[in-house]
Amino acid sequence: ALTAHAMEGDRERCMAAGMDDYLTKPLRPADLLAALGRTVEAARDAGSLVSSRSDRSDGGPADLTYARDLVEGDATALQALIQAFLADADDQLRRLNEALVAGDRETLQRVAHSLKGSVSIFHALPATDAAIRVELAARRGDLKRAAMDVRDLVAETESLIQHLRRTRV
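Predicted, not measured: the structure shown is a model, and the values here were computed from it. (Residues numbered from 1 in each chain as written. Predicted model: local features only at pLDDT ≥ 70, side-chain atom pairs only at ≥ 80, totals over all residues. Heavy atoms only, no water.)

> How do you make sense of the side chain of Thr 157 when you look at a structure like this?
Examined against the element boundaries, Thr 157 turns out to sit in helix α7 (residues 143-166). The exposure class assigned to Thr 157 is buried, which follows from its relative accessible area of 0%. In contact with Thr 157, other than residues within four places in its own chain, are Phe 85, Leu 93, Leu 115, Val 119 and Ala 127. (Helix = DSSP H or I, 4+ residues; strand = E, 2+ residues; numbered from the N terminus. Buried < 20%, exposed > 50% of the residue type's maximum accessible area, 1.4 Å probe, protein only. Contact = heavy atoms within 4.5 Å.)

> Where do I start with the packing of aromatic side chains in this structure?
Remark: the centre distance and the inter-plane angle together describe each pair of aromatic rings, the angle taken between the planes. Under the counting rule described, the total for this entry stands at one aromatic pair. With 5.5 Å between their ring centres and 65° between their planes, Phe 85 and Phe 122 make a pair best called edge-to-face. Of this pair, Phe 85 sits in helix α4 (residues 75-102) while Phe 122 sits in the loop between α5 (105-120) and α6 (125-140); the two residues are 37 residues apart in sequence, bridging distant segments of the chain. Just as Phe 85 is buried, Phe 122 falls in that class too. (Phe/Tyr/Trp six-rings, centres within 6.5 Å; stacked < 30°, edge-to-face > 60°.)

> Help me understand the layout of surface pockets, please; the structure alone is not making it clear to me.
Over the atoms rolls a probe the size of a water molecule, and in doing so it shows where empty space is left. Space inside the largest pocket adds up to approximately 220 Å³. Around the largest pocket, the lining comprises twelve residues; the ones closest to its centre are Asp 31, Ala 34, Arg 95, Arg 110 and Ser 114. Counting only elements with at least two residues in the lining of the largest pocket, the list comes to α2 (29-45), α4 and α5. For the lining of the largest pocket, the class distribution of residues is two nonpolar, four polar and six charged. Every residue along the wall of the second largest pocket is listed here: Ala 1, Leu 2, Met 19, Asp 20, Asp 21, Tyr 22, Leu 23, Leu 32, Ala 35, Leu 36 and Thr 39. It is α2 that contributes the most residues to the lining of the second largest pocket, four residues altogether. Classifying every residue of the lining of the second largest pocket by side-chain character gives eight nonpolar, one polar and two charged. (1 Å grid on protein atoms, 1.4 Å probe; cavity = no way out; pocket = protein on both sides within 12 Å on 5 of 7 lines; lining within 4 Å. Points joined across faces, edges and corners; volume = space filled by probe spheres on them. Nonpolar A, V, L, I, M, F, W, Y, C, P; charged D, E, K, R; others polar.)

All quantities given are derived from atomic positions and should not be read as evidence of function.
Below, the structure is given as structure tokens:
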């Protein structure tokens, strides 16, 4: 549901009506990417999402064939997903590092979870795996392990960013 209704109880009514997620206006790219990531993750968990290819079709850190499948071949929608990700990724990486430095486990877990959803849209398996590791380490309170995994997540996400900036859909 995308709505301007943001009063108490509106979210619950939308979800009770059968919506998969709930977003309010004005729409932020990060919120849209996170919602799409949750939807993709739920579909994958339910076994209803099957990519037509699981390999790296272009040799990069992502499988845009997978992302293209998600938008049913719509090049405009794929470009919009890429642009939304690029618009928000640097801020997410900054927040991730700030949370790590501050020892803020909750924010670290939340940002890693959001990044996991965002990068998984592009079937960026190394970045997705690193985000999962950060999320789990933060949940366990293992900030030493989280720090190592954040380095991996930042590197993999930066690689994905560069790849997507070079990509023409």
